[in-house]
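Summary of the model geometry
So you can see what is in the structure, the chains are spelled out below.
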Amino acid sequence: TLSFGRGTAHVEHVLFGNVHRRASKLSVGDDRYAPRIMGEDAKRRKTSLTPEGAAMAATVKEMDGSLGFDVVVVCTSNAAQEQYWQERLEATRGQAAKKDAVIVAVHEDWAADGAGNGLGTLYAYTKARAKAKDKGSDLDAILAGGGTVGIYHTAGKGTRLAPLPGAENNNKPGVKLPSLVTIEPGVTAELTILEAVVRQTGCYAPRRAGRCSVFWGDQIFVPSAGHGDSGAHHADILAQMGPMPDESEWVEKGLDKYGLITENAKGEAAQVEKVSFDTAQTLLKSFGVVKRVGPSLGSFSLSNEMLFALLTEFDDELVNKTAKMDSDPHFWMPLTLDKASYVSVMVTKDETEAIAAAHHARMEKFKSDLLAKHPSKGLFGAIDVGEKCYWWDYGQLRLYQSNNVLAMADSEEAEALRAYLKIPEDSRAVGGDVANVTRAGGSIALACDIKGGVLNHTVASRVTCGTVDANGCLLINVTARSIKATNCVVYNVVDDSDDGLILPDGAVVTNVFMPGGVSKLVQTSSTTTDGGKVFKVKLTPNPYSFNDVYKMNQTVDVKEAYAAGAKAHADAKKKLFGA
């Protein structure tokens with residue numbers, strides 16, 4: 001017997017940094033999602049956009065895969081993922097990376113604890129440079145000649161997104177979204193989170209000549225301030241900037257909970273950690289009057305001069321694969337804070353005073369040498385994304401659910417999301433056959449073959465079944481005789497039983513295919529369960545914990561696993577429907 005906690009489909013949209021937050025809990029009975037039959041949905045009343053909504057819609061329109069970096073580097077977790085993403089991103093060029101982009105997938109073979117995102121960025125570039133050279137591309141020359149490189153970090157277990165990354169055999173950036181891309185003539189597949197990020201961030205490329213940009217592979221944002229230009233500083237970082245608040249506003253906006261970027265009257269920026277208003281003032285006393293401040297998005301770009309200088313500075317660590325350094329505490333903070341302020345922060349992170357002081361001295365010399373040799377740019381700047389940006393984060397299960405459910409809403413942001421995912425505004429259906437299915441509550445059906453039933457406030461992508469009764473669900477890549485579910489997430493599931501899928505409210509159900517081992521694992525959770533908190537716990541009725549599945553997947557070739565999954569779907573369709 002399946003046992004889950006009862007859950008409600010939540011729509012919770014959080015603008016980054018919690019500076020602007022709106023949250024609501026929407027159930028299938030909410031009158032904002034009052035059932036509407038398909039014909040009525042197709043005639044949905046159009047409302048004019050506000051000026052702000054129109055501006056955001058125009059920004060989203062740019063994100064169509066036509067713009068992008070000259071070179072796209074993807075840093076993966078192992079050699080099998082490297083091979084998969086090399087082929088996949090080449091197949092979807094023009095839909096994620098731009099059509100003529102050089103694709104270079106690499107994997108980080110550092111120590112068990114990893115290189116950190118600072119050294120990891122430099123190491124990914126060195127590996128990509130060597131791999132690209134073997135294929136006839138010179139990354140250094142591309143950058144020096146005004147070209148652009150985008151690096152995308154994808155490593156990590158994805159514990160808070162569990163059990164979905166396990167269903168992708170630890171290929172976390174391969175988690176699917178309800179949107180279709182063509183992977184070969186006449187063949188579509190779901191857009192992956194990584195492809196969505198590459199498509200979105202590619203809009204920065206034309207504004208970053210001669211620069212290397214670094215992004216994280218699980219979040220999409222639409223800047224309300226537009227895509228700002230880089231180039232005034234050797235390094236810059238995306239942040240949600242606003243006027244410097246007083247102490248009460250600092251607390252009200254929750255700025256003490258986030259890594260922050262501050263900017264002075266000269267346009268120079270500094271990085272500070274999660275600190276109180278008073279502590280920030282103390283740390284920045286030598287920085288000058290703070291004019292703007294805001295939460296950092298973490299994504300940054302480097303001039304080619306600074307990138308090459310960093311590669312030289314950390315050559316020993318890169319060659320010997322030693323140390324672990326993250327960009328915030330080991331690059332930006334020692335480069336922008338005075339010694340005393342930096343040391344005072346690092347000792348709270350279990351760093352010794354001596355080591356912190358030595359690292360600050362090292363980076364101070366690096367800064368002095370860089371600016372003496374290349375004085376035309378400032379050191380570190382902020383690229384504002386605006387305080388009212390759209391932020392679609394897929395790094396946690398609850399956010400994955402809510403940001404996909406958002407696509408059914410009647411709002412300017414939801415319309416922008418549908419445009420981004422290329423979901424037709426009127427029909428909200430692409431491909432397949434759902435002619436005999438009643439779709440209500442803004443439901444979406446992509447590449448689905450369903451003979452009958454009801455989709456109410458449900459997103460369905462690549463679902464094949466006889467009858468469906470789904471309310472408030474997210475159904476991705478599912479084959480079954482029938483589906484009966486409420487407020488559920490059903491992902492990568494093959495069920496060839498006569499009874500079909502009959503799920504308790506709030507269930508999360510996935511399948512894991514492992515060629516050469518267990519043919520199929522059924523891993524379950526609930527929409528109210530944080531996978532990060534139970535990652536090492538074997539939930540009832542799962543045969544293994546999420547961590548056990550992670551370990552089992554470490555030796556699995558994702559391409560072979562995906563082929564096994566595709567065969568399982570095909571075999572089930574033949575058995576159930578003779579197709």
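Placed above this text is the structure.
Reading the values: rules and limits
- Residues numbered from 1 in each chain as written.
- Predicted model: local features only at pLDDT ≥ 70, side-chain atom pairs only at ≥ 80, totals over all residues.
- Heavy atoms only, no water.
- Helix = DSSP H or I, 4+ residues; strand = E, 2+ residues; numbered from the N terminus.
- Rg over C-alpha atoms; globule rule 2.2 N^0.38 Å.
- Buried < 20%, exposed > 50% of the residue type's maximum accessible area, 1.4 Å probe, protein only.
- Core = buried A, V, L, I, M, F, W, Y, C linked by side-chain atoms within 4.5 Å.
- 1 Å grid on protein atoms, 1.4 Å probe; cavity = no way out; pocket = protein on both sides within 12 Å on 5 of 7 lines; lining within 4 Å.
- Points joined across faces, edges and corners; volume = space filled by probe spheres on them.
- Arc of directions from axis to C-beta.
- Contact = heavy atoms within 4.5 Å.
- Phe/Tyr/Trp six-rings, centres within 6.5 Å; stacked < 30°, edge-to-face > 60°.
- Pairing = 2+ DSSP bridges.
- Patch = residues over 30% accessible without salt bridge, like charges linked within 9 Å, V, L, I, M, F, W, Y side chains within 5 Å.
- Areas by Shrake-Rupley, 256 points an atom, 1.4 Å probe, with all protein chains shown as cover.
- Salt bridge = Lys/Arg side-chain N within 4 Å of Asp/Glu carboxyl O.
- Lys, Arg positive; Asp, Glu negative; His and termini not counted.
- Charge placed at Lys NZ, Arg CZ, Asp CG, Glu CD.
- Nonpolar A, V, L, I, M, F, W, Y, C, P; charged D, E, K, R; others polar.
- Axes fitted to C-alpha atoms, helices over the stretch in contact; angles between N-to-C directions.
- Parallel < 35°, antiparallel > 145°, perpendicular 65-115°, else oblique.

This part is about the overall build of the protein chain. For the protein chain, the helix and strand inventory stands at 18 helices and 26 strands. Taking 579 residues into account, the globule formula puts the C-alpha radius of gyration at 25 Å, and the protein chain, at 24 Å, falls close to it. With the principal axes as the frame, the protein chain shows a C-alpha extent of 70 × 50 × 45 Å. A buried classification covers 57% of the 579 residues belonging to the protein chain.

The linkage connecting Ala-162 with the following residue, Pro-163, adopts the cis geometry, with an omega of 10 degrees. Position of Pro-163 among the secondary structure elements: in the loop between strand S5 (149–153) and helix H6 (164–167). The backbone of Asn-169 shows a phi angle near 55 degrees, a positive value even though the residue is not glycine. Within the fold, Asn-169 resides in the loop between H6 and strand S6 (176–184). Residue Asn-169 is classed as buried on the basis of its relative accessible area, which comes to 2%.

Trp-392 and Tyr-400 are the most contacted members of the largest nonpolar core, which totals 67 residues. Grouped together as the second largest cluster of nonpolar side chains are 45 residues, Val-71, Ala-124, Ala-239 and Phe-300 included.

To continue, consider empty space enclosed by the protein. For the structure on display, the rule yields three cavities of 30 Å³ or more. In this structure, the largest cavity is lined by 13 residues; those nearest its centre are Pro-163, Pro-165, Gly-166, Phe-535 and Phe-546. Secondary structure elements with two or more residues in the lining of the largest cavity: H6 and helix H17 (546–553). Residue contributions to the lining of the largest cavity peak at three residues, all from H17.

Turning our eyes to something else, we now look at H17. Taken together, the buried positions of H17 are Phe-546, Asn-547, Val-549 and Asn-553. What you see down the axis of H17 is that its buried residues fit within an arc of 160 degrees, all on one side. Check the buried side of H17 and you find it contacts H6, strand S25 (507–512) and strand S26 (521–526).

Scanning the entire structure with this criterion turns up 17 aromatic pairs. A centroid spacing of 5.4 Å and a plane angle of 25 degrees characterise the contact between Tyr-152 and Phe-215, whose relative ring orientation is stacked. Here Tyr-152 is found in strand S5, whereas its partner Phe-215 is found in strand S8 (residues 211–216), with 63 residues between them in sequence. For the residue pair Tyr-152 and Phe-215, the accessibility class agrees, reading buried in each case.

What follows concerns the pairing of S8. The buried fraction of S8 amounts to six of the six residues, a majority that puts the element mostly inside the structure. Side chains of S8 alternate between two faces, with Arg-211, Ser-213 and Phe-215 and Cys-212, Val-214 and Trp-216 buried alike. In terms of strand pairing, S5 meets S8 through five bridges, oriented parallel. Each bridged residue has a counterpart across the sheet, and for Ile-151 the counterpart in S8 is Val-214. Bridging between S8 and strand S14 (residues 290–303) involves four bridges; their strand directions are antiparallel. Across the sheet, the residue bridging to Cys-212 is Leu-302, located in S14.

Turning next to a negative patch on the surface. Judged by side-chain charge, Asp-246, Glu-247, Glu-249, Glu-252 and Asp-278 come together as a negatively charged surface patch. Turning to its location among the elements, Asp-246 is positioned in the loop between strand S11 (242–243) and helix H8 (247–252). For Asp-246, a relative accessible area of 41% puts it in the partly exposed group.

The element helix H12 (residues 327–336) is largely enclosed, with a buried count of nine among its ten residues. Of all the positions in H12, only Ser-327, Pro-329, His-330, Phe-331, Trp-332, Met-333, Pro-334, Leu-335 and Thr-336 are classed as buried.

With that settled, consider the layout of surface pockets. Size it by volume and the second largest pocket reaches roughly 810 Å³. Along its surface, the second largest pocket is lined by 31 residues, and Lys-176, Ile-183, Ala-189, Tyr-562 and Ala-566 are the ones closest to its centre. Sorting the residues of the lining of the second largest pocket by element identifies helix H3 (79–91), S6, strand S7 (187–192), strand S21 (459–471), strand S22 (474–486) and helix H18 (558–577) as the ones contributing at least two each. For the lining of the second largest pocket, the residue count by class is twelve nonpolar, ten polar and nine charged.

Two measures define how a pair of helices packs: the angle their axes make with one another and the distance between the axes. As a packed pair, H12 and helix H14 (residues 353–373) sit with axes 9 Å apart at the nearest point and diverge in direction by 70 degrees. In terms of orientation, H12 lies roughly perpendicular with respect to H14. Residue-level inspection shows His-330, Phe-331, Pro-334 and Leu-335 of H12 in contact with H14, the latter providing His-359, His-360, Met-363, Glu-364, Phe-366 and Lys-367. The residue makeup of the contact of H12 with H14, split by class, is five nonpolar, three polar and two charged.

Summed over the entire model, instances satisfying the criterion amount to 31 salt bridges. Between Asp-109 and Lys-127 there is a salt bridge whose closest N-O contact spans 3.4 Å. Of this pair, Asp-109 sits in the loop between strand S4 (102–107) and helix H4 (116–134) while Lys-127 sits in helix H4, and the two are 18 residues apart along the sequence. Asp-109 sits in the partly exposed class, given a relative accessible area of 32%. The residue Glu-425 makes a salt bridge to Arg-428 at a minimum N-O spacing of 3.8 Å. Both residues of the pair, Glu-425 and Arg-428, count as buried. Among the ionic contacts, a cluster of salt bridges with common partners joins Asp-410, Arg-418, Glu-425 and Arg-428.

So, about the environment of Ser-461. Take Ser-461: it is sitting in strand S21. Judged by its relative accessible area of 0%, Ser-461 is buried. Between the alpha carbons of Ser-461 and Leu-474 there is a distance of 8.4 Å; along the sequence they are 13 residues apart. Filtering out sequence-adjacent residues up to four positions away, Ser-461 remains in contact with Pro-178, Leu-180, Glu-190, Leu-446, Cys-448, Leu-475, Ile-476 and Asn-477.

Distances and angles like these do not, on their own, reveal function.
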